[in-house]
Amino acid sequence: MKARFVDQGADRYVVGNVTQFDQKNEMFCRPLWDEEMLDLGKKFYMTEVPPRNKPGYRLKDQAMVNAAWHLENTFAQGVAGGRMGMYAWEWDQIFEFPLVPPGLKIDLDNPAEVTDGIKRVAKFFGSALVGVCKLDRRWVYSAAFPFRDQKPTPSELGDQYQYAIAIAIEMNYQAIRCSPTSPSSAATGLGYSKMAFIAGLLAHYIRGLGFKAIACGNDTACSIPIAIDAGLGELARNGLLITQAFGPRIRLAKVLTDMPLIADRPIEFGVWDFCLKCEKCAVKCPSQSIAYGEPTDKLNNISNRQGLLRWPINAVECLRFWAANGTDCANCIRTCPFNKPTGWLHDTVRWGVRNLRWLNPFFLWMDDICGYGKQTNADKFWTTQ
Ligand code: SF4
Ligand code: SF4
């Protein structure tokens, strides 16, 4: 599937002064310090959630969620500030075989070949999509907010990190269809664990080539604008990145490096125009956190960035639903018409969305008629996987 290359990456959404975002204002951090969110934080982070005799909320469902998150939570903690385990900025060469002599550097006479090699290695490690861009410093957090000591720390990312490698990990289609119940949360958790696994290994590969590399999950910089700059997709009404192959059914990680690479070109394939006609994610959002109507640069609260034209998400209400639900939610992924497996039928519609935009109301109508986006009973997930 070919997309149209465009000159602007995430810059296409900039309509005002965009300053670096302070990570402490992000949805997962505010419940730890923002007085208006402390009660919600206690409910979300510290309240036991007994299993219920209900599809998707049984003990086996909850155990699957926690198992899926295990690598991220124990060996990376990208949601909680990163900079440890797979996301560590400093590392010891405890054991390596072959033990390569230190100080070696790959020949960069052919940067296109080196860039291609890095993408191939990212895919070999498990990445579904990979793209490269020059790192736009506006997307780097002004300060980090590590959960460990909850002290905002000014960004220490050195100027030498000029490039970003954006990585997209596909999440399981059948599991996401069970949203907002646990199989979907497990798909999300597994996505986070794979982010740490793939980005951590890729960063170590680049270090092995003689360059600096930092693997990041949600920490250090905003992933979505970097992925847009790297040509992985477009911003949508649901506040997520829409990719051509998987729609919003992906998780994003990135590796920041000083290795000179060939940047990809940003793409456009009709997402913005389609979102203008479609409000399925807004209708099916249980907390009504997704905006209807036209895009705007207005903010709901401090979790939204300034200076961008888009549909701002109300992250406070979103998190309030997660806390009440006892697990997270992916309805805005499940219901999105771009969330479909690849195959000739869906690929044909994707082609139509890109090239025959006047037919968008018809594609939307067909999506409804065919019943796409409906929730699957989580018990079915256990018998069909
Ligand atoms: S995750 Fe669920 S509650 Fe939050 S914005 Fe998406 S659909 Fe709404
Ligand atoms: S559900 Fe519709 S409006 Fe929402 S992100 Fe997907 S295409 Fe856009």
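Parameters and conventions
- Residues numbered from 1 in each chain as written.
- Chains lettered and ligands numbered in written order.
- Predicted model: local features only at pLDDT ≥ 70, side-chain atom pairs only at ≥ 80, totals over all residues.
- Heavy atoms only, no water.
- Pairing = 2+ DSSP bridges.
- Helix = DSSP H or I, 4+ residues; strand = E, 2+ residues; numbered from the N terminus.
- Axes fitted to C-alpha atoms, helices over the stretch in contact; angles between N-to-C directions.
- Near = heavy atom within 4 Å.
- Nonpolar A, V, L, I, M, F, W, Y, C, P; charged D, E, K, R; others polar.
- Salt bridge = Lys/Arg side-chain N within 4 Å of Asp/Glu carboxyl O.
- Buried < 20%, exposed > 50% of the residue type's maximum accessible area, 1.4 Å probe, protein only.

> What's the story with the sheet that holds strand S5 (residues 163-170) in this structure? I'm lost.
Within a sheet, each strand pairs with its neighbour through backbone hydrogen bonds, oriented either parallel or antiparallel. With antiparallel pairing, four strands are arranged side by side in an open sheet as S2-S5-S9-S6. Strands at the two margins of the open sheet, each flanked by one partner only, are strand S2 (129-134) and strand S6 (213-216). Looking at each pair of strands side by side, their axes are set apart by 20° on average, direction ignored. Relative to S5, S2 is paired through six bridges, and the arrangement is antiparallel. By the bridge assignment for S5, cysteine 133 is matched with alanine 164.

> Explanation requested: the site of ligand 1 in the structure shown.
Cys285, Pro286, Ser287, Ile290, Cys318, Trp322, Cys329, Asn331 and Cys332 make up every residue found near ligand 1. Listing elements by their share of the shell around ligand 1, those giving two or more residues are helix H10 (315-325) and helix H11 (331-334). Taken together, the residues of the shell around ligand 1 sort by class into seven nonpolar, two polar and no charged.

> How do you make sense of the pattern of salt bridges when you look at a structure like this?
Between side chains of opposite charge, a pair can form when the charged atoms approach closely. For the structure on display, the rule yields 18 salt bridges. Arginine 138 is the partner of aspartate 11 in a salt bridge, and the nearest nitrogen-oxygen pair spans 3.0 Å. Taken together, the residues aspartate 11 in the loop between strand S1 (4-5) and helix H1 (30-33) and arginine 138 in the loop between S2 and strand S3 (143-144) connect sequence positions 127 residues apart. Look at arginine 138 and you get partly exposed, because its relative accessible area is 25%. The closest approach of N and O atoms between arginine 58 and aspartate 379, which form a salt bridge, is 2.7 Å. With arginine 58 in the loop between helix H2 (38-46) and helix H3 (59-75) and aspartate 379 in helix H14 (residues 378-384), this residue pair connects regions lying 321 residues apart in the sequence.

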